[in-house]
Amino acid sequence: MKDKATKMMHILSAKQFDRPFLESICELTDVIRRLDKTRDGLRYLKGLLSHQRAMLYFTQPSTRTFLSFQSACHILGVASSEIRDSSTSSERKGESINDSLRTFSSYVDLIIMRTPVPGLCDEIAKLLDDTPRPVPIINAGSGPDEHPTQALLDIYTLARSFRKNGGIDGKTVLMVGDLKRGRTIRSLARLLALYKDVKMIFSSPKDFSISDDLRKHLTEKGVRFEESTEFREHLKSADAIYMTRVQDEYDIAGEQKPVNYENYHLTYDCLDIIKPEAVIMHPMPRRKEIDPRIDDDRRAKYWRQERNGMWTRVALITKVLGADKNIILPEL
Amino acid sequence: MKDKATKMMHILSAKQFDRPFLESICELTDVIRRLDKTRDGLRYLKGLLSHQRAMLYFTQPSTRTFLSFQSACHILGVASSEIRDSSTSSERKGESINDSLRTFSSYVDLIIMRTPVPGLCDEIAKLLDDTPRPVPIINAGSGPDEHPTQALLDIYTLARSFRKNGGIDGKTVLMVGDLKRGRTIRSLARLLALYKDVKMIFSSPKDFSISDDLRKHLTEKGVRFEESTEFREHLKSADAIYMTRVQDEYDIAGEQKPVNYENYHLTYDCLDIIKPEAVIMHPMPRRKEIDPRIDDDRRAKYWRQERNGMWTRVALITKVLGADKNIILPEL
Amino acid sequence: MKDKATKMMHILSAKQFDRPFLESICELTDVIRRLDKTRDGLRYLKGLLSHQRAMLYFTQPSTRTFLSFQSACHILGVASSEIRDSSTSSERKGESINDSLRTFSSYVDLIIMRTPVPGLCDEIAKLLDDTPRPVPIINAGSGPDEHPTQALLDIYTLARSFRKNGGIDGKTVLMVGDLKRGRTIRSLARLLALYKDVKMIFSSPKDFSISDDLRKHLTEKGVRFEESTEFREHLKSADAIYMTRVQDEYDIAGEQKPVNYENYHLTYDCLDIIKPEAVIMHPMPRRKEIDPRIDDDRRAKYWRQERNGMWTRVALITKVLGADKNIILPEL
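Each value, and the rule that gives it
- Residues numbered from 1 in each chain as written.
- Chains lettered and ligands numbered in written order.
- Predicted model: local features only at pLDDT ≥ 70, side-chain atom pairs only at ≥ 80, totals over all residues.
- Heavy atoms only, no water.
- Helix = DSSP H or I, 4+ residues; strand = E, 2+ residues; numbered from the N terminus.
- Buried < 20%, exposed > 50% of the residue type's maximum accessible area, 1.4 Å probe, protein only.
- Contact = heavy atoms within 4.5 Å.
- Areas by Shrake-Rupley, 256 points an atom, 1.4 Å probe, with all protein chains shown as cover.
- Lys, Arg positive; Asp, Glu negative; His and termini not counted.
- Charge placed at Lys NZ, Arg CZ, Asp CG, Glu CD.
- Salt bridge = Lys/Arg side-chain N within 4 Å of Asp/Glu carboxyl O.
- Pairing = 2+ DSSP bridges.
- Axes fitted to C-alpha atoms, helices over the stretch in contact; angles between N-to-C directions.
- Parallel < 35°, antiparallel > 145°, perpendicular 65-115°, else oblique.
- Left-handed = near helix turned anticlockwise from the far one by under 90°.
- Least-squares fit on C-alpha atoms with pLDDT ≥ 70 in both.
- Buried area = accessible area lost by both parts, 1.4 Å probe.
- Polar contact = N/O pair within 3.5 Å; in protein donor to acceptor, adjacent residues only side chain to side chain.
- Nonpolar A, V, L, I, M, F, W, Y, C, P; charged D, E, K, R; others polar.
- Expected span 1.5 Å × (residues − 1).
- Phe/Tyr/Trp six-rings, centres within 6.5 Å; stacked < 30°, edge-to-face > 60°.
- Lys NZ or Arg CZ within 6 Å of the ring centre and 35° of its normal.

1. Some words on the overall build of chain A
Within chain A, the secondary structure is distributed over twelve helices and nine strands. Dimensions along the principal axes, computed over C-alpha positions, put chain A at roughly 60 × 55 × 40 Å. Across the 332 residues of chain A, 63% fall into the buried class. Relative to all contacts within chain A whose residues are 6 or more apart in sequence, the contacts with residues 24 or more apart total 79%. Split by element, the accessible area of chain A, about 13400 Å² in all, is 49% carbon and sulfur. For chain A, the distance from the average site of its 53 positive side-chain charges to the average site of its 48 negative ones is 4 Å.

Below, the structure is given as C-alpha cells:
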C-alpha cells in the first residue's frame, strides 16, 4: 500500500516542477499537437486512455479551466464526471469532505480539483495515499494559493514562441497588473527562475507589488529582477509582456481602495513601441487590460495560450496516468 | 484565413435552406435511421466523428432541444461540453461575450448555440470567421427569432409521412394556435413555400395571427394561404394539422389579455372529422392543445416528430462537419 | 408492441428479486471485477454497450448514487444524459411529467430514475410499456419507498465477504440506527429473508424500530429476528454489523423529537468486542455512526461496499440491456 502510494504522481504545486519536467511536458505537448493535425492522430490519442475515468471536482467556479480540462479528457477518451457545487446532497447530509472525496475516488482513476480552500488538494492527496486504492490529484487552482497547470501552459507558450529565438533563456519578461494577489504571476516567476539569465520586470501600482516571499525567493536564487510603478517605459525592452487583470473577486468589500488601472493597460498605440519579435500574453479572462484590436497582431499570443492550456493538460494527464510513453509521433 | 472562413458552413437561419438542401438532409436522415436498426450500423455512426468535440452553449433553457442535440452528438461519438448558465464565472469576472465564445471555440470543433438574444449566433459566426481557427455555429434557437433545426425536423416529418402519398407538394397544411409569436410556424411556413402547390391555412385567435412580414413573404412567393379565426371547420380539408401552444414565456406580465384557447384545441372527437391519411403534429411541449388519448391514433406523429428531431440533427452535424459523404448504407 | 413490452425488464423494487437473480448478479459482478484488473478487460467492457444511450433522471439529489450509476455507464461505454433539476424548462412550460418522460425515452435506450415521488417509477414503466418504443427503467431510489440497487450492492458485499465462510446462509446480521425510515434496511431485510437460517437483530431507539409491514413479512416467512433498544450487547454475536444514519431529511420540522443517537454509534473500542471475521457495513454517507479510525480495520467494508455499488450497477445494466451474456472471462 505504502509502496503504491509512493509511486503515485500528484500535481499539487508549481514548486514541484524542475526544468527537466518542464521540458518533458513541452516535448510531449509538441507531439500531441502534431497528432492533432490528422484524423488518425486524433483517434490514436482518443484511444490512449479510453479505459480510464476522471472526476472534475470544481467547487470554485471556473468555466475556462473546467472546459480546458474536460476537453483534455475528451481528447484522451477519458470519461469524466463532475462536481461543481459544494452544497451537494452528501454534504447536506452531514458528510465530511474527506469522506466525500474518498467516495469519489472510488469511482475514478484521477481527480482534477479546483477549490477555494488553500491546501485542500495536498490534504486529500495525503488522505488517498493512505488508502488501498489511491488515485492521483491534479490541482486545477486552489484559491489564491496555487494554479500549477496555468504556470505550465505559460511556460509552454513562452518556450514555443521563442523556439527559433534561443528559447526562454536570456529573455526579459515584463509582468504587469495586480502582482500581489495574482497567483499566476507568482507561479510563473518561480518557474522562470529555473531558466538561465532571465530578467523579470514587475510593473504594478504601488499597493499591488509582488509578495515578500516571491521577492525573497528570487533574491536567493540570484535572479535579475526590477520592480516599478511605470509600465510604458519598460515595453521597449521586453521580450514577453504578461498582462494580468485585477483580482477583485478576492476583494473584501470596502477594504481595498479603488486603483486607477488605466496606466497598466496595453493600448493600441503600444504596438509601435514593443519589439517586433515580442510576445503578448494574458491568462484570460481580460477586461480592459488589452485593446481587442491588438488580437489581430501576430505578437498577440493569448488566444493560442488558451489552446496551449488544453494541450499541456493533455500532456500532463498522460504523464500522471502513465501513458506518456505511448505519446509517439505517427510514422511518416 | 479568409479562404477557410468562406468554406465554413454555419446553420443560422431557416432562410438559408433551399429545396435541394432540405432534400439532402431528408435523404441523409433516412440512411441514418437505417443504420440505427442494427448494432453494427450504430457502431459505424459512433465512429464517424469520434475525434471531434462540440460545445452546447445553451444560455436559454431548453431541456428538449438540449437533449436532442446531445443525443445526436452521442450517436456520432462527438464529445460534448456544455454551458447552460450565462452567469458563469468568466462573465462574472467581466469578460465580453465575444471573448467567452472565442475561448470556447478554441476547445471544440463545433458550437451549438441557443440564446435568448436575437442575432447573437450571426454575430459570433462572423467573429469566428475572422479568426485563424473558425468553427461552425448551429443556431439551436435564438429567442423569438429563429429555430432552424425545428423547421428541418418538421419538414422531414411531413416529407416522410407523405412519402407514399406524393410528398409535400400539393398538400394542405393547417397551422393552429399562437401564430404571432411562435417562431416554429414562421420558419415552417417559409420552408413549405419552397414546395409546389402547398396550401396553408392559418387558424388563430384574432390577436395572434401571423406577422406582416410572413404575410408579405407568402404573397410575394405566390403561395396559396388563408387566415381564419375558425379551427374545426378546416379540419376536414387538412392533410397536415400543426398544433402549437401559446408562447406565454415571452409575455410581459399584464400586457397580454388572456385568450380563450379552448376553441383551438384538438379534442378527441376531432378524430372523426380529419382525413384518414392526415398527420397531426406539434413542436412539443404541449399543454392542452391535444387530448392525450389522441396519442394512440396512427395519425398522431408528434412523438415520432421528436425522435426525428434527433435524427435530422445527426444528419445536420455530419453535414456541417463534412462527414455526410461517409453516411452510406451498410452492404446488404 | 405488447409483446415487446412484456419482454422489457424494469428494475423497480427489491421485491422483484429472487435468489437466483441475486446469485446471477453476484456472478456477473465477479466477472466484471476480474475484467477490471486489466486494460484489455476494461476495453472489452467499454465496447460492450457503446452503441447505447442512457438518461440519468435524478430529480431527487444524490451525488453518490448519481456518480455510481454514471461511472457504471462510463465503464460500459453507454453515453449518458442527465436531468437533475425538476424545474426544467418543459415543466415550466406546463408539460406533464408523463409527456416529459416519454420525450426523454425517445432519445435513449434506458432511463435510470431517482425521484422523491413514491410509485413514479412504476407509473412511468407502465406508460412506456404501452408505447411503440418502450425502454427499461431502473429505480435508483424513490423517496422513502424503494432503492433496489442499494439492496443489490449490500447483498453482493455480504456474499463476497462471506465467500470463504459459507456465504450468507446461517449468518447473524445486526442492523442498527433509524430502522423506521431507512429504506435501505427494509429492502436488505427482505432480501436476506431469501437466504437460509439468517438471523436478524434490529437495534434502534424505541421510536425508530422497523415498520409493521416488515415485521409482518419476516414473521410470515418464518425468519428468525429480534428487536432491541440495546446495541453493544449484540456486537459479540453479529457476523455482519450494518450501521445506518438518522434520515432527518425526511423530518418535518418540529414533528420529530431529537433522539440521542450516541448509544448507537460504533466507537473505536467496539473493535475489541466484535468477531474477528465480522464485517462492518454502512450505506454511506456517515455522520458519527462509525469512528473514522475504524476505516483502517480489515473488517470495515463500507468503502469497498461503495465501489461494489458501481460494479453491481454495471452488472445490472448489462442484464437490463441484454449484454450480460457477453460478460465472459478473458481467455487465460
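2. What to know about the pattern of salt bridges
Counted according to the given criterion, the structure contains 63 salt bridges over all chains. Taking the shortest distance from any N to any O, the salt bridge between R181 of chain A and D178 of chain A comes out at 3.1 Å. Overall, the relative accessible area of 13% leaves R181 of chain A in the buried class. Between R232 of chain C and D269 of chain C there is a salt bridge, and its shortest N-O distance comes to 2.5 Å. Here R232 of chain C, found in helix α11 (residues 232-235), pairs with D269 of chain C, found in the loop between β8 (240-243) and β9 (279-281); they are 37 residues apart in sequence, far enough to count as distant. Overall, the relative accessible area of 38% leaves R232 of chain C in the partly exposed class. Residue class for D269 of chain C comes out partly exposed when judged on its relative accessible area of 38%.

3. Examining the sheet that holds strand β8 (residues 240-243) of chain A
Residue and element names in this part refer to chain A. Taking strand neighbours across the sheet as the criterion, the five strands line up as β7-β6-β5-β8-β9 in an open arrangement whose pairing is parallel. Only two strands of the sheet have a single partner each, and these edge strands are β7 (224-228) and β9 (279-281). On average, each strand axis in the sheet is inclined to that of its neighbour by 15°, with strand direction left out of account. The pairing of β8 with β9 spans three bridges and is classified as parallel. The residue bridging Y242 from the neighbouring strand is M281, located in β9.

4. Digging into the sheet that holds strand β5 (residues 172-176) of chain C
All names here are of chain C. Read across the sheet, five strands follow the order β7-β6-β5-β8-β9 without closing on themselves; strand pairing throughout is parallel. In the strand order of this sheet, the two ends are held by β7 (224-228) and β9, each with one partner. Shown here is a sheet whose adjacent strand axes are inclined to one another by a mean of 15°, direction ignored. Here helix α9 (residues 183-192) sits on the sheet and contacts β5, β6 (199-203) and β8; the angle it forms with β5, its principal contact strand, is near 165°. On the sheet, helix α10 (residues 212-220) packs against β6 and β7 and is oriented at approximately 150° with respect to β7.

5. A look at the packing of helix α4 (residues 63-76) of chain B against helix α6 (residues 97-107) of chain C
It is at 10 Å that the axes of α4 of chain B and α6 of chain C come closest, and there the two elements cross at 15°. Considering their axes alone, α4 of chain B and α6 of chain C lie roughly parallel with respect to each other. The crossing of α4 of chain B and α6 of chain C is right-handed. In contact with T63, R64, L67, S68 and S71 of chain B of α4 of chain B, α6 of chain C contributes T103, F104 and Y107 of chain C.

6. Let's talk about the relation of the copies chain C and chain A
Think of it as a corkscrew move, a rotation about one axis and a shift along it, taking one chain copy to the other. Between chain C and chain A, the superposition needs a rotation of 120° and an axial shift of 0.0 Å, giving an RMSD of 0.0 Å. Considering both components of the superposition, the chain copies are consistent with a three-fold axis. Within chain C, the C-alpha atom positioned nearest to the axis of rotation is that of A79 of chain C, 5.6 Å from it.

7. Concerning the interface of chain C and chain A
Each partner contributes residues to the interface: chain C has 25 residues there, and chain A has 26 residues. Note on chain C versus chain A: buried area summed over both sides is about 2500 Å², and carbon and sulfur give 49% of it. Between R286 of chain C and D99 of chain A there is a salt bridge whose closest N-O contact spans 2.5 Å. Inspection of the region where chain C meets chain A yields eleven residue pairs in polar contact (both at pLDDT 80 or more). Elements with a minimum of two residues in the side of chain C that touches chain A: α3 (39-48), α4 (63-76) and α12 (302-320) of chain C. Residue contributions to the side of chain C that touches chain A peak at eight residues, all from α4 of chain C. Each residue belonging to the side of chain C that touches chain A can be placed in one class, and the counts come to eight nonpolar, six polar and eleven charged.

8. A look at helix α8 (residues 148-161) of chain B
Residue and element names in this part refer to chain B. The terminal C-alpha atoms of α8 lie 20 Å apart, and with 14 residues this matches the ideal 20 Å at 1.5 Å per residue to within 8%. Within α8, twelve of the 14 residues are buried, which leaves it mostly tucked inside the rest of the structure. When α8 is considered as a whole, its buried residues turn out to be P148, T149, Q150, A151, L152, L153, D154, I155, Y156, T157, L158 and A159.

9. Details of the interface of chain B and chain A
Taken together, the contact pairs 26 residues of chain B with 26 residues of chain A. Interface area for chain B against chain A, summed over the two sides, is near 2500 Å², with a carbon-plus-sulfur share of 49%. In this structure, the connection of chain B to chain A is made through two salt bridges. When residues of the side of chain B that touches chain A are traced back to their parent elements, those giving at least two are α3 (39-48), β1 (53-58), β2 (79-83), α5 (89-92) and α6 (97-105) of chain B. Looking at side-chain class alone, the side of chain B that touches chain A contains seven nonpolar, twelve polar and seven charged residues.

10. Here's the deal with the packing of aromatic side chains
Within this structure, the stated rule accounts for 15 aromatic pairs over all chains. Ring plane angle 90° and centroid distance 5.3 Å describe the contact between F58 of chain B and F66 of chain B, whose orientation is recorded as edge-to-face. Seen from the ring of Y268 of chain A, R293 of chain A lies directly overhead, with NZ or CZ sitting 4.4 Å from the centre. For the cation-ring pair, R313 of chain A lies above F69 of chain A, with the distance from its terminal atom to the ring centre recorded as 4.8 Å.

11. Overview of the side chain of H10 of chain C
All names here are of chain C. By secondary structure assignment, the location of H10 is in the loop between α1 (2-7) and α2 (19-35). Looking at H10, the relative accessible area reads 10%, which means it is buried. When neighbours within four sequence positions are excluded, H10 is seen to be in contact with Q16, A125, D129, V135, P136 and I137.

12. Points about α9 of chain C
Most of α9 of chain C sits inside the fold, with ten of its ten residues counted as buried. Along α9 of chain C, the residues that are buried comprise R183, T184, I185, R186, S187, L188, A189, R190, L191 and L192 of chain C.

Geometry only, nothing functional implied.
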